[in-house]
Amino acid sequence: MRSQLSAITVTTATVFVALIQTQIVAQVPNSKHQHSIPDQFTAVDTSQLMGSPDPLPLEAVPAFNQLDFKRPVELTFAPDGSNRLFVVEQRGVIRCFENRDDVDHYETFLDLTDVVSRVGNEEGMLGLAFHPDFVENGEIFVYYSIDPPASIVSRFRVSNENPNRVDRDSEKRLLEIPQPYRNHNGGSIRFGPDGYLYIGLGDGGLADDPHLNGQNLNTLLGSILRIDVDHQDSEMPYAIPDDNPFVDREDARGEIWAYGFRNNWRISFDRQNGQLWTADVGQNRFEEVDRVERGGNYGWNIREGFHDFNINSADRQADLMDPVAEYFRHDGQSITGGMVYRGSELTDFVGHYLYADYLSGKVWALPATQDTEDHVAVPVPRQVADTGLQIAAFGEDAQQEMYLCVFDGIYRLRLKSVDLHQIAQSFPKKLSETGLFESVSDHLPAPGVIPYEVNVPFWSDYSVKDRYLALPKAASVKFHSKEDWEFPVGTVFIKTFWMHQDRESRSEPQRLETRLMVHSPDGWQAYTYVYNEDCSEANLLEGSKEMPLEIATAEGAITQPYYFPSRSECFACHTKQAGFSLGLTTRQMNRTMNYYGTQVDQIAMLDRLNVFTESVAAEDVPATEKFPDWGFGNFDRGGNNGDEREPLQEDATRLARAWLEVNCAMCHQPGGIGPGKIDMRADTPLREMHLLGVKPKQGQMTPPDGRLIVPGQPYLSELVVRAGHRDVRQMPPLATNRVSERAIDVLKQWIEQLEDSN
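Residues numbered from 1 in each chain as written. Predicted model: local features only at pLDDT ≥ 70, side-chain atom pairs only at ≥ 80, totals over all residues. Heavy atoms only, no water.

Re the overall build of the protein
Point 1. Per the secondary structure count, the protein includes nine helices and 38 strands.
Point 2. Relative to the compact-globule value of 27 Å for 758 residues, the protein shows a C-alpha radius of gyration of 29 Å, a close match.
Point 3. Overall size of the protein, expressed as C-alpha extent along the three principal axes, is 90 × 60 × 50 Å.
Point 4. Counting every position in the protein, which comprises 758 residues, the buried fraction comes to 57%.
Point 5. Long-range contacts, defined here as pairs at least 24 residues apart, represent 61% of the contacts in the protein between residues at least 6 apart.
Point 6. In the form shown here, the protein has an accessible surface area of approximately 31,000 Å², with 47% of it arising from carbon and sulfur atoms.
Point 7. Of the side chains in the protein, 70 bear a positive and 112 a negative charge, and the two mean positions are spaced by 3 Å. (Helix = DSSP H or I, 4+ residues; strand = E, 2+ residues; numbered from the N terminus. Rg over C-alpha atoms; globule rule 2.2 N^0.38 Å. Buried < 20%, exposed > 50% of the residue type's maximum accessible area, 1.4 Å probe, protein only. Contact = heavy atoms within 4.5 Å. Areas by Shrake-Rupley, 256 points an atom, 1.4 Å probe, with all protein chains shown as cover. Lys, Arg positive; Asp, Glu negative; His and termini not counted. Charge placed at Lys NZ, Arg CZ, Asp CG, Glu CD.)

Some words on the sheet that holds strand 8 (residues 150-158)
Point 1. Here we have four strands laid out as an open sheet, ordered 6-7-8-9, and antiparallel in their pairing. Pairing within the sheet leaves two strands with one partner each, and these edge strands are strand 6 (125-130) and strand 9 (166-178). Mean inter-strand twist for the sheet, computed between neighbouring axes without regard to direction, equals 20°.
Point 2. Where strand 8 meets strand 9, eight bridges bridge the pair, whose relative direction is antiparallel. Along strand 9, the bridge assignment pairs Ile152 with Glu176. (Pairing = 2+ DSSP bridges. Axes fitted to C-alpha atoms, helices over the stretch in contact; angles between N-to-C directions.)

Here's the deal with the confidence of the model for the protein
Point 1. Residues at a pLDDT of 70 or more form 91% of the protein, whose mean pLDDT is 89.
Point 2. Across residues 1-31, confidence stays below pLDDT 50; counting only partners more than four residues off in sequence or on other chains, it has 56 contacts. (pLDDT = per-residue confidence, 0-100.)

A few points about the side chain of Asn213
Point 1. Structurally, Asn213 is set in the loop between strand 11 (197-200) and strand 12 (223-227).
Point 2. Here Asn213 is in contact with Pro180, Asp203, Thr219 and Leu221, once residues within four sequence places are set aside.

With respect to the packing of aromatic side chains
Point 1. A full pass over the atoms with the stated rule returns 31 aromatic pairs.
Point 2. For the ring pair Phe86 and Phe109, a centre distance of 4.7 Å and an interplane angle of 65° mean the geometry is edge-to-face. Separated by 23 residues along the polypeptide, Phe86 in strand 3 (residues 84-89) and Phe109 in strand 5 (residues 107-111) bring together distant segments of the chain. For the pair shown, Phe86 and Phe109 are each scored as buried.
Point 3. Both rings, one in Tyr198 and one in Phe269, keep their centres 4.9 Å apart while their planes meet at 70°; by these two values the pair is edge-to-face. Remark: Phe269 occurs in strand 14 (residues 264-269) and Tyr198 occurs in strand 11; sequence separation between them is 71 residues.
Point 4. The exposure class of Tyr198 is buried, given its relative accessible area of 4%.
Point 5. Feature note: the residues Phe64, Phe69, Phe97, Tyr106 and Tyr403 constitute an aromatic cluster, connected by ring pairs.
Point 6. One Lys or Arg, Arg262, reaches over the ring of Trp300 and ends 5.5 Å from the middle of that ring.
Point 7. The positively charged end of Arg515 is found above the aromatic ring belonging to Phe497, 4.0 Å away from the centroid. (Phe/Tyr/Trp six-rings, centres within 6.5 Å; stacked < 30°, edge-to-face > 60°. Lys NZ or Arg CZ within 6 Å of the ring centre and 35° of its normal.)

Structure representation (structure tokens):
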């Protein structure tokens, strides 16, 4: 098949094939490079990069394999020494069974499916708590949703005849809380060490907290409540403890223990010290972990995580409680609160709060212990597992061992049976140890490493990039005319960043870092190697880093901060929806590369090198699948270095749509983490981009009549303003401190041209 397609290529695309001839490399003046385009494919040994410098110690394994659960959202135990476990299914059923690995049946403890509402995805039976004196009184408490939308907290008693069955007729409703919408219900209930019942409630739903419930002490929504279920106040089936923080305020509900939450999804108490923990699900950017204190205001909707939620909001209140930890949407999009582990099986994590992300399946651990009574340790979270599971909740048994509630069943975390120290020690800590370079000091790639460049480089604060591809075997890349190309495990993308120290003369640039995007057996991984002062070596970066660069410009010398992102931050752009690799698409690769004296059509070159699983003919590379040449951002390997300030002659629409896809569409596309259904892919029809006439979310930087795009009026278009802004809500969101003047000019021209056609 490959030979037939090659023959077609020869006979139908003479010019296309002629460009692939490799010539003797002529050195660019003042260049030390001696590397040339390979004459034939050579596999590159990338095995040393298939491990990890910080391997994850835990993995998820199924528990209770012989039992079947439907959307479990809670697992707990009865405090009666019976060794029973109880699993809450969101549809309104509680199952109970003996805590044995080989258990093969459960009983239905309570069935409320006839009254529980499941109209909304976040509605259902969401919480279960056993009374501390359960042995004596047989009382349980349940949180569930009803229709019309409301949240119910009820007391039940176990049947006198059957300890595995609740007396349905014993129900007594303690709270019935109307819900304005069908999401953000919270729903976790726990008894604290003080014997009171704590109830987690979200802000009532929709987006942006439209009713401002998070900061309203007159509503129970957006809060964690604390009530006394053993006594009654007048006209209420419960009592409010006298030491609740707002019990004496006329403008507040006395039940509130803490407030300012968006959707606190799972609360828990540390069994050792009684500390209350919760996770609060963010809206569009940050997920957070909170250590809950009496009377604390946790900020929603003034802020999200540590950050202002609305860029136009007033100065932040001084009394807002900071989260303990947060993560950006590149790590996940819906946090699941966990528990402080006090069991005996995972000894390294005793005294750590473990939590997860529902969508990414990642699990983190952070130290939860207090140093002294007066000082609380500032914990640093560490990722400990990448389960790939939709973790809805954590649970624990009477032995304080931990479980994961996943919608397809119950799981446990266990230590991996590998030598983590050996894996970490064997990972290359220096760029010279990766095998990707024959000479690091001369930036000379190893034999078989293939150079490439892209039509529209991602904007990185005037830096230019030298790109290479290393493949472990031939005929392994799946070509697509429109979609992202597919790359095998073992693939490594190599990208070196350089910065011109003189922006006027564009003299020989300073080499800053080499980033690797590695397709490992565990998925895509990102690593950054930062060069030492003389560029003789580059060392693996731990965390992130910022350094000042002295740059000569037409306006004089400036000090420009340069940011090296952490491994996880790389995935703010290298998203799953964008295919992780970025840049390796037909519309980006469809160009002629000038590589130290050799001009070659890149896709034809890769075809000649037998890179693709099937040969790619000229007709497989339509001219329509080609971005315009942005003219700046590729490292000068051909003596024709562009200037970011020079105007481009290309059509503004094509340039703008290409820039938006490269710099924004990794988040703003179907399935992406961007809000509002915005789709910035270049081939999306304008009316389907959800930009025209759409009001900005989370604050507005344009005048009140501004919109994301106002045809013909770039200065009323939020898109232009945010692209030209650096701070909260900047676009792109990370690792850039400077605005692309060319991009702003192009976006303005494009929007100005929209006036007649719209």
